[in-house]
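# Breakdown of the fold
Below, each chain spelled out in residue letters.
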Amino acid sequence: MQQATAKPNHRAAKTAALVVLPFAVVLLSLFFGRYPLPWRDVLAAIFTPARVSDAALVTVRQLRVPRAVAAAFVGASLAVSGAAFQSVFRNPLVNSGILGVSNGAGFGACVAIVCFGGGASTYVFSFLFAVLAVVLSAFAGRISKTTTTITLILGGTIVSAFFSAMVSIMKYVADPYSQLPTITFWLMGSFASINYSHLTALIPMTAGMLAIVISRWRLNALSMGEKEAATLGVDVRRWQCIVVGGATLCTASAVCICGTIGWVGLVIPHIARMLLGNNNRTLIPASISLGACFLVLMDLLARSLTGAELPIGILCALVGTPFFVYLLKKTKGGVWR
Amino acid sequence: MILTIDRLTFSFDDAPLLRDLSLNVDAGEIVCLLGPNGSGKTTLLDCILGFHRPTAGSVTLCGKEIGAYSRAQLAKCAAYVPQQHTPTFPYTVREAVRMGRTAHAGLLGAPNKEDEAICEQALRQVGMEAFADRPYTSLSGGELKLVLLARALSQKARLLVLDEPTASLDFKNEMRFLETLARLARQEQIGILMATHALQHAFYFESQALPVNAVLLSRGKPAITGTPQALLTPQTLAEIYGVRAAVHEVTGEHGETMRSLTLFGSMEEQ
């Protein structure tokens, strides 16, 4: 009985932390960057813009704010898509790129850089090819008029491999002095060029995340397997489409503004599982919150650790891996025993 | 009548697997679906759960033809306990049982206070309330089956469909499961349709003075229906299962008559 009374408070505290944390991290990240600014100026630029120098105003409002907001949304999108895919595919090892989104987007970016000189076309092409990859995965996995989760994963793996090969071809034909470095940097992921115009991508990301959030109770039933989910009263096809569609929208728009960032979509859901359990009711919002925090922090490190900016995709893996191992030991794997 | 199957025929290809099958399940009644491997037991259950469409005949559940149900409506009338469940994520027992309320919830599928009370009750009905906060991946096979039964009960369906629920359980867990089913049929007036290989299950329910019927399937032939006592004789066992067997009467703990089965051997193929 004591536990029953203690629990709601505990839950309320965790909920509050998950809501506040991303905002706090975004705010924190505004104080750091290449151009040194005293913290008073940063505060002034945020709250009293009339009483601060133009340089501080531009640095904080035009550079740091859009960058931090983009990183938060991308992190949230990748993490929540990974968590949703893990339930739909009943496989704790899949990530947000399982249906070929990353490699499709990579190929799209290559096409834009090599054929159309990069720039704005990169975003359009990488988004379109990311979505195309998922559609192709669904078709590749379609056997006798139905797509099962296993054949869909198979389709995703095949399409990923295909686009990965296509990326290699594009690298091979790209101009080694101008285009190849651009491709390489794009594939490693970066928020360096983010400005307000990129924040259009927040609309599809938000829509995709909403689709996953409203499906979160049904994700529990879906993770029991298609047959059991159906007998529990879930229209399996419809909800699979909603979740996969939402996740595709999320990841495609995330990847198209900042390049491929792996790792987040696999590990953040697992960190959330270890901390808060596997119920998708909490796992989905927790993945959004932790994904946002994680990527904002990683971007903060990427631009302040060394003189030159580090590619965030690499940094995520470098910093994320030891942290994950630490957490695995600390929580004794949660309940993965 | 909860479930009425009228002259159902089902075939995957040209040769019908189920032919002209009729059966009824009434409130509080237990129907044991028997038959050798490949005789169509699971296929019949899949027809009732809406996964297969009958080639001919009708399946009527709670007064409505099965094809007219949405998934959510069907889940409120018929609950299912699978033969095998492979857990992927370590949900707690309580979370796993709550998934049974998915069909009853609103747009988002979120359970409310009433749903939670129903789940606690379902856990008590199967005697697993002490395990509510344990991860359901840490349970033994017998405990997991009881949790899946609790999940089905939380659907508050009038028909319970079970596919060889005791196939992998030891004696004690098997008896515990059967006792739970008998109690549910008697106290909650749930209709139970259960595919099983164990003929003694039918005998057990009969000895408990519950209304029991056995349906004996054999591939492509018309099914035969009757009380276990009348139906499960050495002659039919020889005919359908191809075994030499004897059925004896034994006096139970409380002086009741129970039937028991002894197998002598398999018959030569003709």
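First things first, this report covers the structure right here in the doc. (Residues numbered from 1 in each chain as written. Chains lettered and ligands numbered in written order. Predicted model: local features only at pLDDT ≥ 70, side-chain atom pairs only at ≥ 80, totals over all residues. Heavy atoms only, no water.)

## Observations concerning the sheet that holds strand β5 (residues 64-65) of chain B
Residue and element names in this part refer to chain B. As summarised here, the arrangement of the four strands in space is β2-β1-β4-β5, forming an open sheet in which the pairing is antiparallel. Two strands close off the open sheet at either side, each with one partner strand: β2 (18-25) and β5. With five bridges connecting them, strand β1 (residues 3-10) and strand β4 (residues 56-61) associate as antiparallel partners. Looking at the pairing, Thr 4 lines up with Thr 60 of β4. Across the sheet, helix α1 (residues 41-48) lies against β1, β2 and β4, angled at about 120 degrees from β1, the strand it touches most. (Pairing = 2+ DSSP bridges. Helix = DSSP H or I, 4+ residues; strand = E, 2+ residues; numbered from the N terminus. Contact = heavy atoms within 4.5 Å. Axes fitted to C-alpha atoms, helices over the stretch in contact; angles between N-to-C directions.)

## Some details on the interface of chain B and chain A
In this assembly, 33 residues from chain B lie in contact with 30 residues from chain A. Summed over both partners, the interface of chain B with chain A buries about 2600 Å², with 59% contributed by carbon and sulfur atoms. For chain B, the biggest contributors to the area lost against chain A are B:Phe89, B:Tyr91 and B:Leu108; these three give 23% of the whole. For the pair chain B and chain A, the interface holds two salt bridges. There are nine residue pairs in polar contact (both at pLDDT 80 or more) connecting chain B and chain A. (Buried area = accessible area lost by both parts, 1.4 Å probe. Salt bridge = Lys/Arg side-chain N within 4 Å of Asp/Glu carboxyl O. Polar contact = N/O pair within 3.5 Å; in protein donor to acceptor, adjacent residues only side chain to side chain.)

## With respect to the packing of aromatic side chains
One pass over the full model with this rule turns up 11 aromatic pairs over all chains. Aromatic pair A:Phe85 and A:Phe89: ring centres 5.5 Å apart, planes at 40 degrees, arrangement tilted. For A:Phe89, a relative accessible area of 6% gives the class buried. On the numbers, 6.3 Å between centres and 65 degrees between planes, the contact of B:Phe89 with B:Tyr91 is edge-to-face. Exposure remark for B:Tyr91: the relative accessible area of 1% places this residue in the buried category. Aromatic ring contacts, followed pair by pair, group A:Phe107, A:Phe116, A:Phe125, A:Phe129, A:Phe162 and A:Phe163 into a single cluster. The ring centre of B:Tyr69 lies 4.8 Å from the NZ or CZ of B:Lys64, which sits over that ring. Positioned above the aromatic ring of B:Phe51 is the side chain of B:Arg71, whose terminal nitrogen or guanidinium carbon lies 4.5 Å from the ring centre. (Phe/Tyr/Trp six-rings, centres within 6.5 Å; stacked < 30°, edge-to-face > 60°. Buried < 20%, exposed > 50% of the residue type's maximum accessible area, 1.4 Å probe, protein only. Lys NZ or Arg CZ within 6 Å of the ring centre and 35° of its normal.)

## What about a nonpolar patch on the surface?
Residue and element names in this part refer to chain A. Taken together, the side chains of Leu 27, Trp 39, Leu 43 and Phe 47 make up a nonpolar region of the molecular surface, amounting to roughly 420 Å² of accessible area. Here the nonpolar patch gets three residues from one element, more than from any other, and that element is helix α2 (residues 39-47). Along the chain, the position of Leu 43 falls in helix α2. (Patch = residues over 30% accessible without salt bridge, like charges linked within 9 Å, V, L, I, M, F, W, Y side chains within 5 Å. Areas by Shrake-Rupley, 256 points an atom, 1.4 Å probe, with all protein chains shown as cover.)

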